[in-house]
Amino acid sequence: MPASTRIDLLAPPTLLALDAAGFLDAVGVVEIDPNVSDTAATQETFGLSSNTLANCVIVGGKREGVERIAACLVLADSRADVNNVVKRSLDVRKASFLPVERAVELSAMEYGGITPIGLPQDWPVLIDRRVVDTDIVVIGSGVRRSKILLPGILLAQFAGTQVIDGLGWIPDPAVPPMSEN
């Protein structure tokens, strides 16, 4: 259903950003069980393809003592290239995932629901080109009890977004995953 009909399913900063952009009727929102808000659980529960779901991670680094933070949005079948692409985009020596508690506090969103829509305006939002090229993408709403559905191209229209080819890389299933921190 249009997000305008269920604003109770959006985090306050997400609602403000959608309203300011005039997109409350252009995106859909669906209520879900908060226990299935993590991407893998959402995918399994609703039978979705990993190339229709996108993950938003918050990354930071420092340059000359100044912290720089960005959000990265990549499809669920890929990982954000933090050590190369994100590090160069932020112009920092080392980039890493923000601890969960800090990401939640600074975004004013719930863990498992963080979305690129409504983040602090001074954070760049780096979006992998594959997300933008997705007809309908499922992302967080800022709260665990719902998901937003929208055309991927719409994400590129928010202020502060940068669409980047190769931001996301698809891991080799034969290689065991490394720790993200």
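I will try to describe carefully the structure that is included in this document.

## With respect to the overall build of the protein chain
So, point 1. The secondary structure content of the protein chain amounts to 6 helices and 10 strands.
So, point 2. Relative to its length of 181 residues, the protein chain is compact, with a C-alpha radius of gyration of 15 Å against a globular reference of 16 Å.
So, point 3. Across the 181 residues that make up the protein chain, the buried fraction comes to 45%.
So, point 4. Taking contacts inside the protein chain between residues at least 6 apart in sequence as the whole, the part at least 24 apart equals 65%.
So, point 5. If you average the places of the 15 positive and of the 22 negative side-chain charges in the protein chain, the two averages end up 8 Å apart.

## Structural notes on helix H3 (residues 82-90)
So, point 1. Taken together, the buried positions of H3 are occupied by Val-82, Val-85, Val-86 and Leu-90. Mapping the buried residues of H3 onto a view down its axis gives an arc of 125°, with all of them on the same face. Exposed side chains of H3 directed beyond 90 degrees from the buried face belong to Asn-83 and Arg-88.
So, point 2. Where H3 is buried, its residues meet strand E2 (54-63), strand E3 (66-75), strand E4 (79-80), strand E5 (95-97), strand E6 (125-128) and strand E9 (161-164).
So, point 3. Positive phi appears at Asp-91, one or two residues downstream of H3, with a value of about 55°.

## Quick notes on unusual backbone geometry
Excluding glycine, residues mostly have negative phi values, and the peptide bonds linking residues are mostly trans.
So, point 1. The phi angle at Glu-64 is positive, at roughly 55°, despite the residue not being glycine.
So, point 2. The residue Glu-64 is located in the loop between E2 and E3 in this model.
So, point 3. Positive phi values are uncommon outside glycine, yet Ala-108 reaches one of about 60°.
So, point 4. Within the element layout of this structure, Ala-108 appears in the loop between helix H4 (100-107) and E6.

## So, the sheet that holds strand E7 (residues 137-140)
So, point 1. Reading across from one edge, E1-E8-E7 is the order of the 3 strands in this open sheet, with antiparallel pairing throughout. The open sheet terminates on both sides in strands that have one partner only, identified here as strand E1 (28-31) and E7. Strand-to-strand, the axes of this sheet are offset by a mean angle of 30°, without reference to chain direction.

## Things to note about the packing of aromatic side chains
Where two aromatic rings form a pair, the distance of their centres and the angle of their planes describe that pair.
So, point 1. Evaluation of the coordinates by the stated rule reveals 1 aromatic pair.
So, point 2. When the centroid spacing of 5.2 Å and the interplanar angle of 75° are considered together, the rings of Phe-23 and Phe-158 count as edge-to-face. Within this pair, whereas Phe-23 is found in the loop between helix H1 (12-21) and E1, its partner Phe-158 is found in the loop between helix H6 (152-155) and E9, the two being separated by 135 residues in sequence. The two residues Phe-23 and Phe-158 agree in class, both being buried.

Criteria and cut-off values
Counting restarts for each chain: residues are numbered from 1 in the order of the written sequence. Two thresholds apply to this predicted model, a pLDDT of at least 70 for residue-level local features and 80 or more for giving and counting side-chain atom pairs, whereas whole-chain, interface and lining totals are computed over all residues. The side-chain quantities take in all heavy atoms of the structure and omit both hydrogens and water. By definition, any uninterrupted DSSP run of H or I lasting at least four residues is a helix, any uninterrupted run of E lasting at least two residues is a strand, and each is numbered from the N terminus. The globule rule is 2.2 Å times the number of residues to the power 0.38, and the radius of gyration it is compared with is taken over C-alpha atoms. Throughout this description, buried means an accessible area under 20% of the type-specific maximum (1.4 Å probe, protein chains only), exposed means over 50%, and partly exposed covers the range between. Residues are treated as being in contact if the distance between any of their heavy atoms lies within 4.5 Å. Positive charges come from Lys and Arg alone, negative charges from Asp and Glu alone, with His and the N- and C-terminal ends not counted. Each charge is placed at NZ for Lys, CZ for Arg, CG for Asp and CD for Glu. Arc definition: directions from the helix axis to the C-beta atoms. Between any two strands, at least two bridges found by DSSP are needed for them to pair. Orientation is described by lines fitted to C-alpha atoms, with helices fitted over the stretch in contact, and by angles between N-to-C directions that extend from 0 to 180 degrees. Two aromatic rings, drawn from Phe, Tyr or Trp (for Trp, its six-membered ring), form a pair once their centres lie within 6.5 Å of each other, and the interplanar angle then sorts them: stacked below 30 degrees, edge-to-face above 60, tilted otherwise.

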